[in-house]
Amino acid sequence: MIVIAIILGCLIGVILGVNAPIISYTYSKYLAIAIVAALDSIFGGISSTLKGNFDFKVFVSGFFGNAILSMLLTFLGDRLNVDIYLAAIVVFVNRMFLNLTIIRKYYIEKVWSNTNTKEVKKVD
């Protein structure tokens, strides 16, 4: 089921990407930081689901709150002529890698425990 969702999402992305207008250079920083913030929230949601403490309200508020706050920081940095968005990118990417580590370790332990529980029968 998840594979079908991934394939469907990729197809929709390709269709929208081909038909979507090109984002101007002026707004590309805002879109990039919003995407990084949203991806951070998605990885955090997956990580918290695997830990067993997922809360939909926290996920939605983090998804939109992080994206909006990061775009506001980018806007403020543009007005001050300081690249504040770089700090937000460093923080969000760091959190993405930490969440990816949690996800990776969960699946490694799951696969490893499945292979260790299968007993190999000796043939004499």
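Only a predicted model underlies this, so the values are computations on that prediction, with no experimental measurement involved.

Peer 1: Describe the overall build of the protein chain, listing the residues and the values that go with them.
Peer 2: From N to C terminus, the protein chain includes four helices and zero strands. Across the protein chain, helices and strands are ordered from the amino to the carboxyl terminus as α-α-α-α. Against the globule reference of 14 Å for 124 residues, the protein chain gives a C-alpha radius of gyration of 20 Å, more extended than a compact globule. The C-alpha extent of the protein chain, read off along each of the three principal axes, is 75 × 30 × 25 Å. Per-residue burial over the protein chain gives 19% buried out of 124 residues. In the protein chain, the proportion of contacts linking residues at least 24 apart, taken out of those at least 6 apart, comes to 77%.

Peer 1: I'd like a description of the side chain of Asp40, backed by residues and values.
Peer 2: Take Asp40: it is sitting in helix H2 (residues 25-51). The contacts of Asp40, once residues within four sequence positions are left out, are Asn66, Phe92, Arg95, Met96 and Asn99.

Peer 1: Can you explain H2? Please cite residues and give values.
Peer 2: For H2, which comprises 27 residues, the first-to-last C-alpha distance of 40 Å matches the rise-based estimate of 39 Å (1.5 Å per residue) to within 8%. Taken as a whole, H2 has its buried residues at Tyr30, Ile33, Ala34, Val36, Ala37, Ala38, Asp40, Ser41, Gly45, Ser47 and Ser48. Two residues or fewer past H2, Gly52 is found with a positive phi of approximately 90°.

Peer 1: Residues and numbers for the packing of aromatic side chains, please.
Peer 2: Geometry of an aromatic ring pair is reported as the spacing of the ring centres plus the angle between the planes. Across all of its chains, the model carries four aromatic pairs by this definition. Relative to Phe59, the ring of Phe54 has its centre 5.8 Å away and its plane inclined at 50°; by these criteria the two rings are tilted. Among the residues examined, Phe54 registers a relative accessible area of 38% and is labelled partly exposed. Look at Phe59 and you get partly exposed, because its relative accessible area is 23%. By way of ring pairs, the aromatic residues Phe54, Phe59, Phe63 and Phe64 are connected into one cluster.

Peer 1: Could you give an account of a nonpolar patch on the surface, with specific residues and numbers?
Peer 2: Judged by side-chain polarity, Ile23, Tyr27, Leu31, Ile35, Leu39, Ile42 and Ile46 come together as a nonpolar surface patch covering roughly 620 Å² of accessible area. In this fold, Tyr27 is placed in helix H2. Assessed through its relative accessible area of 53%, Tyr27 is described here as exposed.

Peer 1: Got a sec to walk through the layout of surface pockets? Specific residues and values, please.
Peer 2: The volume enclosed by the largest pocket comes to roughly 230 Å³. Contributing to the lining of the largest pocket are 15 residues, with Ser41, Gly44, Gly45, Val58 and Phe59 lying nearest its centre. Elements represented by at least two residues in the lining of the largest pocket include exactly H2, helix H3 (56-80) and helix H4 (85-117). Tallied by class, the residues present in the lining of the largest pocket amount to four nonpolar, eight polar and three charged.

Scoring rules and cut-offs
- Residues numbered from 1 in each chain as written.
- Predicted model: local features only at pLDDT ≥ 70, side-chain atom pairs only at ≥ 80, totals over all residues.
- Heavy atoms only, no water.
- Helix = DSSP H or I, 4+ residues; strand = E, 2+ residues; numbered from the N terminus.
- Rg over C-alpha atoms; globule rule 2.2 N^0.38 Å.
- Buried < 20%, exposed > 50% of the residue type's maximum accessible area, 1.4 Å probe, protein only.
- Contact = heavy atoms within 4.5 Å.
- Expected span 1.5 Å × (residues − 1).
- Phe/Tyr/Trp six-rings, centres within 6.5 Å; stacked < 30°, edge-to-face > 60°.
- Patch = residues over 30% accessible without salt bridge, like charges linked within 9 Å, V, L, I, M, F, W, Y side chains within 5 Å.
- Areas by Shrake-Rupley, 256 points an atom, 1.4 Å probe, with all protein chains shown as cover.
- Salt bridge = Lys/Arg side-chain N within 4 Å of Asp/Glu carboxyl O.
- 1 Å grid on protein atoms, 1.4 Å probe; cavity = no way out; pocket = protein on both sides within 12 Å on 5 of 7 lines; lining within 4 Å.
- Points joined across faces, edges and corners; volume = space filled by probe spheres on them.
- Nonpolar A, V, L, I, M, F, W, Y, C, P; charged D, E, K, R; others polar.

Worth remembering: the numbers are spatial, not functional.
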